[in-house]
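# Geometric and topological summary
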Amino acid sequence: MSSHETGDTHPCPVAGGVSLMSSIESEATSGDIITVTIGATVPTGFEHTAAEEVKEKIGVDAQISKDRGRIYFQIQTDKLFQVHLLRSVDNLFVVVEQYDHYQFKESKDETLMDLMQLASKLPWTNALVVWRLNNSLKKKRGRRRGGNGTKVKPSSKATEVSEATEVSEATEGSEATEATEVIIAETEPVPEPLLSAEGQTEEESTSDSQSNTQDSEEAAPEAKVIKFRVTCNRAGDKHSFSSNEAARDFGGAVQEFFQWKADMTKFDIEVLLNIHNQEVIIGVALTEESLHRRNITHFGPTTLRSTLCYGMLRLCKPQASDIILDPMCGTGAIPLEGAIEFPDSFYMAGDNNDMAVNRTVNNICHIQKRREDKDSAPGLPIDTVQWDLCHLPIRTSSVDIIITDMPFGKRMGSRKKNWDLYPSCLREMARVCRPDSGKAVLLTQDKKCFSKAVSRMGGLWRKTHTVWVNVGGLHAGVYLLKRTGGAFGQTPEDVYESPGVVNTAGEAKEDTSLP
């Protein structure tokens, strides 16, 4: 959204917006319980997994959106803190209003005018009350963290975005939030302390309660103007307007109604305009940055999002005392998420690349240090080893679950090498995995090669379920495999097949190995 200048002012809407903010302040501190709808963006393909987690942790049913990658559920404000316990969601927002069949006008100008007029008609009160309460929760979490760290101030190098900024349009089946986030220039996140609604750092706003009381009494007549931005996420090809145009004009109307100040980077509140074909949802963001960045500090070229890792872990349903293996751990995103969220199992992480192993170790150390700072038990049930994937230093039939992100053949490895790698690693995985009870959850975008490799492993692995996901714009599959009861070494599939070898049934084998 860019700052939208208008020549005429409308006293009535402005007065309404200003008085509305005054009533919101009193409602947020009154303690009255209201019910609101919370929206959450989740990794595409794992909407049902996220809905199950909501039911399990919050006790309410979640509705899966027609727009892939979103779920919605209702919650009372006294249980608002519970939404921040969800591990499968990337971003959270409170719904202001939802239109299932919004009637867009034929011309672009009429449609944009409609969106501008919509801003003053929306029921903002409950959503903004929740936004205020959410800020209070952030402050409480900041105080519980304690610490005597250095005060962190927002970066002064805010990048202004002009109205002519190009915006990538989200298309059907893509992750709309990711596609349109580029309308705002990225700045370095302020990790801790969190920014309060007034633009101060957490420690600055809570450092001295007595001086704050005096300052608040003196500064009450001169309350700072709230800074905001509007982000439009649009999917569909039948719209006459762009995401940038919708965000610009709708944001201008919001600015005029509330008398807020537009700021692309150092904003206090983010208004979301989500458009999917004829569905329009207006919301207010409750997260400042995606929750998938919670564990990793040392990133590699193909680091998985923590929310996607959590979805993969829930697929295999870890049990107490399970031995869980990630033989191609990269930066350790999967075993780290498992060790934190399913700590009753033990995790082995390994890779053949020494840089990957070092990143994993550094990420584990970061989490342990963070837990020490919070006075939590610092230890994690995880170990890291450098090894050869096809010759794992692990006993036969000793692993309960194997979960890993396999090379796509894009940034890492190649499609040609995958034809040799996939059968070899599936054989070695079958060797270390327990017959009958063992499982494997494997992520790959090289679907043809993987399907062929699994079909050749018929005596050792059975494919039971597939979840189609979007990974960085690539259409990939998460495959759930079940280890058969066949003993390793007693089935024809676990013997390397050289070119031209004929199997026991007399059928010629296809040469899929490298020359």
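For every chain, the first residue of the written sequence is number 1, and numbering continues from 1 along that sequence. Whole-chain, interface and lining totals are the exception, using all residues; otherwise, since this is a predicted model, local features are given only for residues with pLDDT of at least 70 and side-chain atom pairs are given and counted only at 80 or more. Side-chain numbers come from the whole structure's heavy atoms, not from hydrogens or water.

### Things to note about helix α11 (residues 354-373)
Selection criterion: Under the DSSP-based scheme used, a helix requires at least four consecutive residues in state H or I and a strand at least two consecutive residues in state E, with every element numbered from the N terminus. Given the number of residues in a helix, its expected span is that number minus one, multiplied by 1.5 Å. Only protein chains enter the accessibility calculation, which uses a 1.4 Å probe; a residue whose area is less than 20% of its type maximum is buried, one above 50% is exposed, and one in between is partly exposed. Directions from the helix axis toward the C-beta atoms define the arc. Only heavy atoms enter the contact rule, under which two residues are in contact if any of them lie within 4.5 Å. What qualifies as a polar contact is a pair of N or O atoms within 3.5 Å, subject to a donor-acceptor requirement within protein and to the restriction that residues adjacent in sequence count only when both atoms come from side chains.
Counted at 1.5 Å a residue, the expected span for α11 with its 20 residues is 28 Å, and the 29 Å between its end C-alpha atoms agrees. A356, V357, T360, N363, I364 and I367 are the residues of α11 that are buried. Looking straight down α11, one finds that the buried residues subtend no more than 125° of arc, so they occupy a single side. As for α11, its buried residues are in contact with α10 (333-341), β10 (346-351) and β11 (382-386). Between the side-chain oxygen of the N-cap and the backbone nitrogen of M355 there are 2.8 Å, and the N-cap of α11 in question is N353. Downstream of α11 by a residue or two, D375 has a phi angle that is positive, lying close to 65°.

### Some details on the pairing of strand β5 (residues 227-235)
This is how it is decided: DSSP calls a pair of strands paired once it identifies at least 2 bridges connecting them. Every crossover in which the path from the first strand over the helix to the second runs clockwise, viewed with the strands pointing away from the viewer, is termed right-handed.
Counting buried residues along β5, eight of its nine residues qualify, which places the element largely inside the surrounding structure. Where β5 and strand β6 (residues 261-262) come together, two bridges link them in parallel fashion. Bridge assignment links F228 to a residue of β6, and that residue is A262. Following the chain from β5 across helix α8 (residues 243-258) to the adjacent parallel β6, one finds a crossover that is right-handed. Two elements, β5 and strand β7 (residues 269-276), share eight bridges in a ladder whose sense is parallel. Residue pairing for β7: R234 is matched across the bridge by I275.

### A word on the nonpolar core
Spelled out, the test is: Throughout this description, the term nonpolar core refers to a set of buried Ala, Val, Leu, Ile, Met, Phe, Trp, Tyr and Cys residues connected via side-chain atoms within 4.5 Å.
If you look at the biggest cluster of nonpolar residues, it comprises 53 residues, and the most contacted ones within it are I38, W124, F250, W260, I282 and V284. The element that contributes the greatest number of residues to this core is α8, accounting for seven residues. If near-sequence neighbours (up to four positions away) are discounted, V284 is found in contact with F93, V94, V96, W124, A127, L128, W131, I269 and E270. Counting residues in hydrophobic clusters, the runner-up holds 32 residues, among them I334, F342, F408 and V469.

### Section: the packing of aromatic side chains
Put simply, the rule reads: Note on aromatic contacts: the rings of Phe and Tyr and the six-membered ring of Trp form a pair at centre separations within 6.5 Å, being stacked when their planes are under 30 degrees apart, edge-to-face when over 60 apart, and tilted otherwise.
Enumeration over the complete set of coordinates arrives at 12 aromatic pairs. Within the aromatic cluster, the residues linked to one another by ring pairs are W124, F228, F257, F258 and W260.

### Quick notes on the packing of helix α3 (residues 108-118) against α8
Pairs of packed helices are described in terms of their axes, by the angle between the two and the distance that separates them. Rules: The convention used is that axes are lines fitted to C-alpha atoms, helices contributing only their stretch in contact, and that angles between N-to-C directions extend from 0 to 180 degrees. Angle categories: roughly parallel below 35 degrees, roughly antiparallel above 145, roughly perpendicular from 65 to 115, and oblique for all the rest. Each helix crossing is assigned a hand: it is left-handed if the near helix lies turned anticlockwise from the far helix by less than a right angle, otherwise right-handed if that turn is clockwise. Throughout this entry, Asp, Glu, Lys and Arg are counted as charged residues, while Ala, Val, Leu, Ile, Met, Phe, Trp, Tyr, Cys and Pro are counted as nonpolar. The remaining residues, Gly among them, count as polar.
Where α3 contacts α8, the two axes come as close as 8 Å, and the packing angle between them is 40°. The angle between the axes of α3 and α8 places the two elements in the oblique class. As α3 packs across α8, the resulting crossing turns out to be right-handed. Packed against α3, whose contacting residues are K108, L112, L115 and M116, the element α8 presents E245, A246, R248, D249, F250 and A253 at the interface. Partitioned by chemical class, the residues of the contact of α3 with α8 number six nonpolar, no polar and four charged.

### Observations regarding the pattern of salt bridges
In plain terms, the rule: Here, a salt bridge means any Lys or Arg side-chain nitrogen found within 4 Å of an Asp or Glu carboxyl oxygen.
For the structure shown, the criterion picks out 13 salt bridges. A salt bridge links R229 to E270, with the nearest nitrogen and oxygen atoms 3.0 Å apart. Taken together, the residues R229 in strand β5 and E270 in strand β7 connect sequence positions 41 residues apart. Here R229 matches E270 in class, with each residue buried.

### Considering the confidence of the model for the protein
We count it as follows: The predictor attaches a confidence to each residue, and that confidence, scored 0 to 100, is pLDDT.
Here the protein averages 78 in pLDDT, and 71% of its residues register 70 or above. Across the protein, the element-wise mean pLDDT spans from 38 in helix α5 (residues 176-180) up to 98 in strand β9 (residues 323-326). Here residues 1-15 is a poorly scored stretch, pLDDT under 50, and it has 32 contacts once near neighbours within four places are set aside; other chains count. Confidence drops under a pLDDT of 50 for residues 494-515, and excluding neighbours within four residues, the segment shows 28 contacts in the predicted structure.

### Here we look at the sheet that holds strand β12 (residues 401-405)
One open sheet holds the seven strands; their spatial order is β11-β10-β9-β12-β13-β15-β14, and the pairing between them is mixed. Edge positions in the sheet fall to β11 and β14 (461-471), since each of these pairs with one other strand and no more. Averaged over all neighbouring strand pairs, the angle between strand axes comes to 15°, with direction disregarded. Against the sheet, helix α9 (residues 306-316) contacts β10, β12, β13 (439-444), β14 and β15 (474-483), and its axis sits at roughly 150° relative to β13. Along the sheet face, helix α13 (residues 447-456) touches β13, β14 and β15 and points at about 15° away from the line of β15.

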